[in-house]
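Each chain is listed here by its residues.
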Amino acid sequence: MFYKLLIVVFLAVSLQGAPADGQKKKETLLSEKVSQMMEWTSKRAVIRLNGEKFRRLIRAPPRNYSVIIMFTALQPQRQCGVCKQADEEYQILANSWRYSNAFTNRIFFAMVDFDEGSDVFQMLNMNSAPTFINFPAKGKPKRADTYELQVRGFAAEQLARWVADRTDVHIRVIRPPNYAGPLMLGLLLAFIGSLAYVRRNNLEFLFNKNVWAFSALCFVLIMTSGQMWNHIRGPPYAHKNPNTGQVSYIHGSSQAQFVAETHIVLLFNAAVTLGIVLLHEAATSDLDVGKRKIMCVAGIGLVVLFFSWLLSIFRAKYHGYPYSHQIQSVSRSNGHCSHPDPVHIQPRWWIST
Amino acid sequence: MAEHHTASDCKHKASSNAGGSVSGNGRHSSPAGCGGSGGGLSGGLTQPAGWQSLLSFTILFLAWLAGFSSRLFAVIRFESIIHEFDPWFNYRSTHHLSTNGFYEFLNWFDERAWYPLGRIVGGTVYPGLMVTAGLIHYILNLLHVTVHIRDVCVFLAPVFSGLTAVSTFLLTRELWNQGAGLLAACFIAIVPGYISRSVAGSFDNEGIAIFALQFTYYLWVKSVKTGSVFWTIGCCLSYFYMVSAWGGYVFIINLIPLHVFVLLLMQRFSRRLYIAYSTFYIVGLVLSMQIPFVGFQPIRTSEHMAAAGVFALLQAYAFLQYLKDRLTRQEFQTLFFLGVSLAAGVVFLTVIYLTYTGEYAKIHIPIIASVSEHQPTTWVSFFFDLHILVCTFPAGLWFCIKNINDERVFVALYAISAVYFAGVMVRLMLTLTPVVCMLSAIAFSSVFEHYLGDDMKRENPPAEDSSDEDDKRNQGNLYDKAGKVRKHVSEQDRPEEGLGPNIKSIVTMLMLMLLMMFAVHCTWVTSNAYSSPSVVLASYNHDGSRNILDDFREAYYWLRQNTDEHARVMSWWDYGYQIAGMANRTTLVDNNTWNNSHIALVGKAMSSNESAAYEIMKSLDVDYVLIIFGGVIGYSGDDINKFLWMVRIAEGEHPKDIRESDYFTPQGEFRVDKAGSPTLLNCLMYKMSYYRFGEMQLDFRTPPGFDRTRNAEIGNKDIRLKHLEEAFTSEHWLVRIYRVKKQENRQALDHKLRNIAAKQKYTSKKVLPSRFH
């Protein structure tokens, strides 16, 4: 009887004590984990995890911090170009957080490389990289905790917005300033300056009109062939049809272009220009008549031939040119306020009569 | 030193010309006199100068006429109507100006826009356009020619295109010769890149601004050539007109200092340049600050700083020149010059760098990115707007740089900067077009002048060539070309070995064919792409007959006649000006996108669900909602297609409530059918667009509720509206107007209260109404 009582008392005590004890243990575990994470973060903005660390720090329950994890494959033999770009953006984001004033231990950035923690990939049933998943402080990741890479892209700003969305931590992305442009400019200036200094006794080349005219022409041709569009939009060089293996160099729509196409156009424009210059030279130069006639014929040939080729490319792209009356109203907006159409390029009208 | 250099340069050129004429080989280092049309005729006629000017006058007049008539497609096809969006605002303000007077216009506070904020119109517009139209209307009325102000507005841009052609002629004549000038005038009269902004009815700033731009440049070149204050003051006045007309004046105030700066670098400094720029900068600055909208910007903002820097540099340089006459330590002077110019160059580059990084940041705000004109330019756009000119104008640039002088430096800089800006932004194709016309005209004319005439008569051009150089030296009697031509006409008559008539005629014919193709292309583009008023739409049947879709005006007039005078209409900002102009109702947002958060609020209302939207609409006092829906006729510029921009702009301001990703399917597609995201299928814009559309079967091949714009059967056919009711739908469903229901008079009492009321019947009768009202 006494024995039983003792057991009951003991049980009662132990039951009462166990949660308190567990709580304490949990807290110490938690603080250990947090300090561990903080230590790693202080070394590196993005913590590298392997399978064991992932289970202990992320998977195991006591946790009061969110962790954003990038699952990636950075080893060169994996040949994942996107992973590298995404990694750069992710590093920018993590560093912005690491060195910001608002830095706390509420959120950590980590990554798992496939070659270091393939078991994690298996555990989470993942087969694509890179993937960004937020492990919230409470509960398991939901659907929205997986970042929609296809839709939103991997720019650091987009990631920051998603992080703010999921965890309420607002990160101002600070990109390390890009010194490449000014540096190149400085080098160029220094080069020109040193050239001028070396040849200071003979600066005739600066007064060479051919050089200046040629560079001006190059610039103009580069601009009129739409290289600025390429620079801003970054289109592919050419399109290869995956089914037939056919490579098309000309984009079918008039609103877009491939890089190859702009090079062709640049060449054609330059040829027409050359033709006009040749025509002029043929009439004014003091060579003998035979050569001048050849120049003249070559000039007019260049002008006519290349212009007609240019026109045919244009016709292929601009459907309905020249005299077809199929398009009634081209939606090239010249108003102040029309938006690019996401769906159609040209409006179509079907009036059922 | 620089003076000396220029002088020797002139001498060199003159001597090379002399050599050319002696050998009789037609070697031109500088432009030939009368090209193309003038050259052939002047030989045999007794009064060549008279004929020449008559011919030029006729050609210019014809160019004006051709330019004017090719801009009339819209008027002939539709009617004399104001186009598009911005012109409606300009028209409305011009109307205000002509009815209430100039001072009333300057003080106008428009309380019918941007409800409840209102807009200070007088201080936030470039008044040049309105004042020009108002003045023409006033003068015509003084002469008892009674025209409506609307007709003045509609035909203003075509008339000014003629003036543009004339000023382009003048500028090109200064740069090259008369023949090239005439060709340039013909080009600019019909080139699509300029027509796109100046068809009849397109009553917008650019229509008159390009004239002001070209005229200012002409006067600037003239004043650099002559160094006379008279021309410079003319240039300043023209610049003032440009500032009053268009924000693009910034292009002038940067290009002219750049010209001066490059001339300094090329050691082409002269007294003429000093006088021209000093006068221009000071007078132009003071004049430009008279425009209320510009105000103190010219001395505060970074894009005007380059002009100030160059002004300071020019003064320093001139001072050094002065000192050099007094002192002899030349080495030191040169060193000092180098230092100064380097410092100025660094300042110049920094300013430009700062300006464009600022521009870059602006591009990334969604509302700016959403406007299709702020996109970079594909080569197709270049070709579409300029056709043959885009391939030939580099040749003109080549000739200009090969035969460089002060004013050709200007045109080269103009070409290079304009082509850069046109590459960055489609809209700035407009500033590129004039210089392309001029340089192409130079290219064509320098080909034609050698191939058009006979071999025998090809000797006169060099004659005027040297007279051009004469001009440079004795600056007094500069522009008396007529007399000079006569002087040199019978100078040489020497046969030479030419290319032979066959080759020449073949080349001439082929070149003429190219020009003919250009003319055909211009007419086609004008007729098909740039002559749509976009207020009235047209569709063509298979037999070629035309249907006019007048839904927009139908709806706007419905609003005008069936709604309260002070009703507030909510729509996307594209339609704000049209609602104000045609329906004369108060709008919440319009095309003057000065308040992004207000626009974002409207975007939020459109993209939230109905009850959330109702709260916003209540807080904004909205009475009617107007949307554009193209699903019935397949009109692609409707609100559903613009919808993602509304979401993006709303998300920019309210990231908690609106998320762009919610409107996509998990695969990242934007679709309106059953697979579309539920947020999209239940948002206000979707509901208003497709309300009762599910009952409508358009033809037998497609199911009911088939959207022709997006080629999909809509996903939500059973749409019920709780807080809105359909008020009006136009004939082709293009415009749909909904009335926002007022709140019910009494809030429905909830159950508990009613029970209490039942217990204390007599007291509640008195208490309740007072409590709930």
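Residues numbered from 1 in each chain as written. Chains lettered and ligands numbered in written order. Predicted model: local features only at pLDDT ≥ 70, side-chain atom pairs only at ≥ 80, totals over all residues. Heavy atoms only, no water.

1. Some points on the packing of aromatic side chains
Tallied over the full model, the rule gives 60 aromatic pairs over all chains. For the ring pair A:F114 and A:F121, a centre distance of 5.0 Å and an interplane angle of 90° mean the geometry is edge-to-face. A relative accessible area of 29% means that A:F114 is categorised as partly exposed. According to the relative accessible area criterion, A:F121 is buried, its value standing at 4%. Here A:F306 and A:W309 contribute two aromatic rings whose centre-to-centre distance is 5.3 Å and whose plane-to-plane angle is 85°, an arrangement assigned as edge-to-face. Here A:F306 pairs with A:W309, and both are found in helix α11 (residues 289–317), just three residues apart, close to one helical turn. A residue is classified by how much of its surface remains accessible, and A:W309, at 41% relative accessible area, is partly exposed. Taken together, the ring pairs connect A:F307, A:F314, A:Y318, B:W379, B:F383, B:F384, B:W524 and B:Y530 into an aromatic cluster. Positioned over the ring face of A:Y99 is A:R98, at 5.1 Å from the centre of the ring. Against the face of B:W231 rests B:K222, its NZ or CZ located 5.0 Å from the ring centre. (Phe/Tyr/Trp six-rings, centres within 6.5 Å; stacked < 30°, edge-to-face > 60°. Buried < 20%, exposed > 50% of the residue type's maximum accessible area, 1.4 Å probe, protein only. Helix = DSSP H or I, 4+ residues; strand = E, 2+ residues; numbered from the N terminus. Lys NZ or Arg CZ within 6 Å of the ring centre and 35° of its normal.)

2. Some words on the packing of helix α11 (residues 205–226) of chain B against helix α21 (residues 406–424) of chain B
All names here are of chain B. At a minimum axis separation of 9 Å, α11 and α21 run at an interaxial angle of 150°. Viewed along their axes, α11 and α21 adopt a mutual orientation that is roughly antiparallel. The chirality of how α11 crosses α21 is right-handed. Within the contact between the two elements, α11 uses L213, Q214, Y217, W220, V221, V224 and K225 and α21 uses D406, E407, F410 and Y414. Tallied by class, residues from the contact of α11 with α21 come to seven nonpolar, one polar and three charged. (Axes fitted to C-alpha atoms, helices over the stretch in contact; angles between N-to-C directions. Parallel < 35°, antiparallel > 145°, perpendicular 65-115°, else oblique. Left-handed = near helix turned anticlockwise from the far one by under 90°. Contact = heavy atoms within 4.5 Å. Nonpolar A, V, L, I, M, F, W, Y, C, P; charged D, E, K, R; others polar.)

3. Here's the deal with a nonpolar patch on the surface
Residues and elements named next belong to chain A. Nonpolar side chains collect at one region of the surface, where L185, L188, L189, F191, I192 and L195 lie side by side and expose about 580 Å² of accessible area between them. Within the secondary structure, L195 sits in helix α7 (residues 180–198). Residue classification places L195 among the partly exposed residues on the basis of a relative accessible area of 34%. (Patch = residues over 30% accessible without salt bridge, like charges linked within 9 Å, V, L, I, M, F, W, Y side chains within 5 Å. Areas by Shrake-Rupley, 256 points an atom, 1.4 Å probe, with all protein chains shown as cover. Salt bridge = Lys/Arg side-chain N within 4 Å of Asp/Glu carboxyl O.)

4. What to know about the UniProt feature "transmembrane region" (unreviewed entry) in chain A
All names here are of chain A. Per the UniProt annotation, the sites labelled "transmembrane region" (unreviewed entry) are residues 179–198, 210–229, 264–282 and 294–314. What you have in residues 210–229 is 90% helix and 0% strand, and the ends, taken at the C-alpha atoms, are 28 Å apart. Secondary structure over residues 294–314 splits into 100% helix and 0% strand, and the C-alpha atoms at its two ends are 30 Å apart. (UniProt positions renumbered as here; feature names shortened; annotations may be inferred.)

5. Concerning the sheet that holds strand β4 (residues 131–135) of chain A
All names here are of chain A. Strand order across the open sheet formed by four strands is β1-β3-β2-β4, with mixed pairing between neighbours. Lying at the two open borders of the sheet, with one neighbouring strand each, are β1 (47–49) and β4. Adjacent strand axes in the sheet meet at a mean angle of 30°, parallel and antiparallel pairs treated alike. Pairing of strand β2 (residues 66–72) with β4, which is carried by five bridges, proceeds in the antiparallel orientation. Bridge assignment links I68 to a residue of β4, and that residue is N134. Lying over the sheet, helix α3 (residues 81–98) contacts β2, β3 (107–113) and β4, oriented at roughly 155° with respect to β3. In the packing of helix α6 (residues 156–167) onto the sheet, the strands contacted are β2, β3 and β4, and the crossing angle to β4 comes to about 25°. (Pairing = 2+ DSSP bridges.)

6. Overview of the nonpolar core
Residue and element names in this part refer to chain B. Core analysis: the biggest nonpolar cluster contains 150 residues, and Y217, W220, Y277, L432 and M511 have the highest contact counts within it. Broken down by element, this core gets its largest block of residues, 15 residues, from helix α22 (residues 429–451). Among residues more than four places away in sequence, those in contact with Y277 are W220, I256, P257, V260, A307, V310, F311 and L314. Formed by 104 residues, the second largest nonpolar core is a distinct cluster that contains V535, L549, W572 and M688. (Core = buried A, V, L, I, M, F, W, Y, C linked by side-chain atoms within 4.5 Å.)

7. Some thoughts on unusual backbone geometry
Residues and elements named next belong to chain B. Cis geometry is adopted by the peptide bond preceding P116, which originates at Y115 and carries an omega value of 0°. Considering the arrangement of structural elements, one finds P116 in the loop between β1 (109–110) and β2 (119–120). Its identity as a non-glycine residue notwithstanding, H144 has a phi of 60°, on the positive side. Mapped onto the secondary structure, H144 falls in the loop between α7 (128–142) and α8 (149–175). Of the residues examined, H144 reaches a relative accessible area of 71% and is grouped as exposed.

8. Quick notes on the sheet that holds strand β5 (residues 568–570) of chain B
All names here are of chain B. Strand order in the open sheet formed by five strands is β6-β5-β7-β11-β10, with mixed pairing between adjacent strands. The strands lining the two open edges of the sheet, one partner per strand, are β6 (586–587) and β10 (724–729). Sheet topology note: the β5/strand β7 (residues 624–628) ladder contains two bridges and is parallel. Its bridge partner lying in β7, M570 is registered against V625.

9. Description of the confidence of the model for chain A
Residue and element names in this part refer to chain A. The predicted model of chain A has a mean per-residue pLDDT of 76, with 80% of residues at 70 or higher. Across chain A, the secondary-structure element scoring lowest on mean pLDDT is helix α1 (residues 2–43), at 67, and the one scoring highest is helix α10 (residues 259–284), at 92. Considering only residues more than four positions removed or in separate chains, one finds that residues 323–353, a stretch of pLDDT under 50, has 93 contacts. (pLDDT = per-residue confidence, 0-100.)

10. Quick look at the pairing of β7(B)
Residue and element names in this part refer to chain B. By the criterion of burial, β7 is predominantly enclosed, with five of the five residues buried. Residues of β7 alternate between two faces, with Y624, L626 and I628 on one and V625 and I627 on the opposite face, all of them buried. Sheet topology note: the β7/strand β11 (residues 735–740) ladder contains five bridges and is antiparallel. In the strand pairing of β11, I627 is matched with R736.

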